[in-house]
Amino acid sequence: GAVVSQHPSRVICKSGTSVKIECRSLDFQATTMFWYRQFPKQSLMLMATSNEGSKATYEQGVEKDKFLINHASLTLSTLTVTSAHPEDSSFYICSADRGEQFFGPGTRLTVL
Amino acid sequence: GNSVTQMEGPVTLSEEAFLTINCTYTATGYPSLFWYVQYPGEGLQLLLKATKADDKGSNKGFEATYRKETTSFHLEKGSVQVSDSAVYFCALTFRNEKLTFGTGTRLTIIP
């Protein structure tokens, strides 16, 4: 049990477009999900905490208007990168809280 | 703030060798400590954890002991296998809130 999926696994987009990444808890409900970003050869950095039915809590330095988070149900959180630019290219990982965090496989975003 | 420093990789070992991946932390108070593993193409999985000083976490032949005197949580395995090839992350948290990760150590085991 405790499986978390992400979709898509890879996405390539043009600069200026928006990209939506989905994070789903497949066999449990999660009131809290987390979004992380990982640069090559660097650590996972927490971007925001997503709470079902309320606004996400963003970490210092993360632009909430650029990285829109929606947690509309107990099994789904979405991260939308708005007006993406090449510097947003990264590996985005979500996790869902079930007493401990269970991680999705990640989404690699490449912005051309 | 809180931080985790772990051994830089990559680490390459022969099968059946002894493994140590060092991890030290900086935090105010006594956090819970974790080791996560990321196999190729997969998400992070919890490998083991320890929630208080002198606790030893263990799983799949891996062990790590929470040492508050040295603020360390080094990962060890007595005899590694090819299937242990992965990236290993050390992390800490307080009260199961946000995790602070180390940079990850890529481990490759050659037959």
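Calculation notes
Residues numbered from 1 in each chain as written. Chains lettered and ligands numbered in written order. Predicted model: local features only at pLDDT ≥ 70, side-chain atom pairs only at ≥ 80, totals over all residues. Heavy atoms only, no water. Helix = DSSP H or I, 4+ residues; strand = E, 2+ residues; numbered from the N terminus. Rg over C-alpha atoms; globule rule 2.2 N^0.38 Å. Buried < 20%, exposed > 50% of the residue type's maximum accessible area, 1.4 Å probe, protein only. Contact = heavy atoms within 4.5 Å. Areas by Shrake-Rupley, 256 points an atom, 1.4 Å probe, with all protein chains shown as cover. Buried area = accessible area lost by both parts, 1.4 Å probe. Salt bridge = Lys/Arg side-chain N within 4 Å of Asp/Glu carboxyl O. Nonpolar A, V, L, I, M, F, W, Y, C, P; charged D, E, K, R; others polar. Disulfide = S-S within 2.5 Å. Pairing = 2+ DSSP bridges. Axes fitted to C-alpha atoms, helices over the stretch in contact; angles between N-to-C directions.

**Examining the overall build of chain B**
Piece 1. What chain B contains, in helices and strands, is zero helices and twelve strands.
Piece 2. The order of α-helices and β-strands along chain B, N terminus first, is β-β-β-β-β-β-β-β-β-β-β-β.
Piece 3. What you see for chain B is a C-alpha radius of gyration of 13 Å, in line with the 13 Å of a compact globule of 111 residues.
Piece 4. Considered along the principal axes of its C-alpha atoms, chain B spans approximately 40 × 25 × 20 Å.
Piece 5. Taken across its 111 residues, chain B has 45% of its residues classed as buried.
Piece 6. Restricting the contact set of chain B to residue pairs at least 6 apart, pairs at least 24 apart contribute 55%.
Piece 7. Entry remark: accessible area of chain B is about 5,500 Å², with carbon and sulfur atoms responsible for 47%.

**Let's talk about the interface of chain A and chain B**
Piece 1. Listed as interface residues are 16 residues of chain A and, on the opposing side, 16 residues of chain B.
Piece 2. Summed over both partners, the interface of chain A with chain B buries about 1,200 Å², with 55% contributed by carbon and sulfur atoms.
Piece 3. The interface formed by chain A and chain B holds one salt bridge in total.
Piece 4. Here Lys98(B) and Glu59(A) are joined by a salt bridge, their closest N and O atoms 2.6 Å apart.
Piece 5. When contributions to the side of chain A that touches chain B are tallied by element, the ones reaching two or more residues are β4 (32–38), β5 (44–51), β9 (90–97) and β10 (101–103) of chain A.
Piece 6. No other element matches β4(A), which puts three residues into the side of chain A that touches chain B.
Piece 7. Of the residues contributing to the side of chain A that touches chain B, the split by class is eight nonpolar, six polar and two charged.

**Here's the deal with the state of the cysteines**
A disulfide bridge is the covalent bond that connects two cysteines by way of their sulfur atoms.
All names here are of chain A.
Piece 1. Inspection of every chain in the model, using the stated rule, returns two disulfides over all chains.
Piece 2. The disulfide bridge from Cys23 ends at Cys94, spanning 2.0 Å between sulfur atoms. Between Cys23 and Cys94 the disulfide shows an S-S torsion of about 80°. By sign, it is right-handed. Placement of the pair is Cys23 in strand β3 (residues 19–25) and Cys94 in strand β9, with a sequence separation of 71 residues.
Piece 3. Take Cys23: its relative accessible area is 0%, and that puts it in the buried class.

**Details of the sheet that holds strand β3 (residues 19–21) of chain B**
Residues and elements named next belong to chain B.
Piece 1. Across the sheet, four strands lie side by side as β3-β9-β8-β7; this open sheet has antiparallel pairing. Each of the sheet's edge strands pairs with one partner strand only, and the pair in question is β3 and β7 (56–59). The mean angle between the axes of side-by-side strands here comes to 15°, regardless of whether they run parallel or antiparallel.

**Considerations on the sheet that holds strand β7 (residues 67–73) of chain A**
All names here are of chain A.
Piece 1. Strand order across the open sheet formed by four strands is β1-β3-β8-β7, with antiparallel pairing between neighbours. Strands at the two margins of the open sheet, each flanked by one partner only, are β1 (4–7) and β7. Taking the axes of each pair of neighbouring strands and ignoring which way they run, one obtains an average angle of 15° across the sheet.
Piece 2. Here β1 runs beside β3; their pairing, made up of four bridges, is antiparallel. By the bridge assignment for β3, His7 is matched with Glu22.

**Considering the pattern of salt bridges**
Residues and elements named next belong to chain B.
Piece 1. Under the defined criterion, the tally for this structure stands at six salt bridges over all chains.
Piece 2. A salt bridge links Glu63 to Lys56, with the nearest nitrogen and oxygen atoms 3.6 Å apart.
Piece 3. On the accessibility criterion, Glu63 (35% relative accessible area) is partly exposed.

**Let's talk about unusual backbone geometry**
Piece 1. Residue Pro8(A) is reached from His7(A) by a cis peptide bond, and omega for that bond is 0°.
Piece 2. With respect to the helices and strands, the residue Pro8(A) is situated in the loop between β1 and β2 (10–13).
Piece 3. A cis geometry characterises the amide bond from Gly9(B) onward to Pro10(B), with omega recorded as -5°.
Piece 4. Relative to the elements of secondary structure, Pro10(B) occurs in the loop between β1 (3–6) and β2 (11–14).
Piece 5. Of note, the phi angle at Glu16(B) is positive, near 75°, even though the residue is not glycine.

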